[in-house]
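Notes for the structure review
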Amino acid sequence: RQPRLITTWEKVPIGTNGGVTFVGLLASILGGTVVGLAYLLTQFMFVEDLGLSPPQWPIVLYGAVAGFLGSILDSYLGATMQYSGFDEDSGMVINHITPTAKHISGKPILDNNAVNLFSTILIALLLPGITWPMWPRKLTI
């Protein structure tokens with residue numbers, strides 16, 4: 001299926017910064033879930049007094065949320081702050097302005113590495129605050 005630009009939902013060529021598909025978003029959820037499962041399995045294998053700590057299973061769900069939100073944020077930053085154009089000569093999507101490129105989305109502010117860095121940092125900073133109120137806690141008496 002052809003991707004859609006996350007900011008306008010218009011169909012865009014494959015390779016456009018900020019283009020999303022259902023399969024891609026599902027893959028980001030599954031990727032985050034796998035990371036959460038890896039953490040949980042590591043806890044079960046190497047932590048002896050796991051019963052004394054708060055439940056660890058929610059990290060699997062929060063991994064899925066982090067994968068999804070990270071993908072959405074990365075796509076949004078790519079669609080708005082990373083130039084995408086269609087080069088008529090080569091017939092390809094490019095990430096820099098040329099005389100023959102037709103603008104698709106974004107401004108030439110960030111490159112792909114900067115978009116990845118900012119989306120990763122923002123999710124790492126925001127997700128703990130978002131999930132803290134929802135984390136199950138043991139009642140201590």
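For the structure, check the block above.
These lines cover the structure that appears in this document, whether it is placed above or below. (Residues numbered from 1 in each chain as written. Predicted model: local features only at pLDDT ≥ 70, side-chain atom pairs only at ≥ 80, totals over all residues. Heavy atoms only, no water.)

Here the focus is the sheet that holds strand β4 (residues 92-94). The strand order across the open sheet built from 3 strands is β4-β3-β5, with neighbouring strands paired in antiparallel fashion. The two strands at the open ends of the sheet, each matched to only one other strand, are β4 and β5 (101-105). The sheet shows a mean angle of 35° between the axes of neighbouring strands, direction not considered. Alignment of strand β3 (residues 84-87) against β5, held across 4 bridges, turns out to be antiparallel. Across the sheet, residue F86 finds its bridge partner in β5, namely K102. (Pairing = 2+ DSSP bridges. Helix = DSSP H or I, 4+ residues; strand = E, 2+ residues; numbered from the N terminus. Axes fitted to C-alpha atoms, helices over the stretch in contact; angles between N-to-C directions.)

Now for the nonpolar core. Here is a general trend for soluble globular proteins: nonpolar side chains tend to be buried in one another's company. Core analysis: the largest hydrophobic core is formed by 8 residues, namely A66, L73, L77, L110, A114, V115, I123 and L127. Broken down by element, the residue count for this core peaks at 4 residues, all from helix α3 (residues 112-131). Those residues in contact with V115, other than ones at most four positions away along the chain, are D74, L77, G78, Q82 and L110. (Core = buried A, V, L, I, M, F, W, Y, C linked by side-chain atoms within 4.5 Å. Buried < 20%, exposed > 50% of the residue type's maximum accessible area, 1.4 Å probe, protein only. Contact = heavy atoms within 4.5 Å.)

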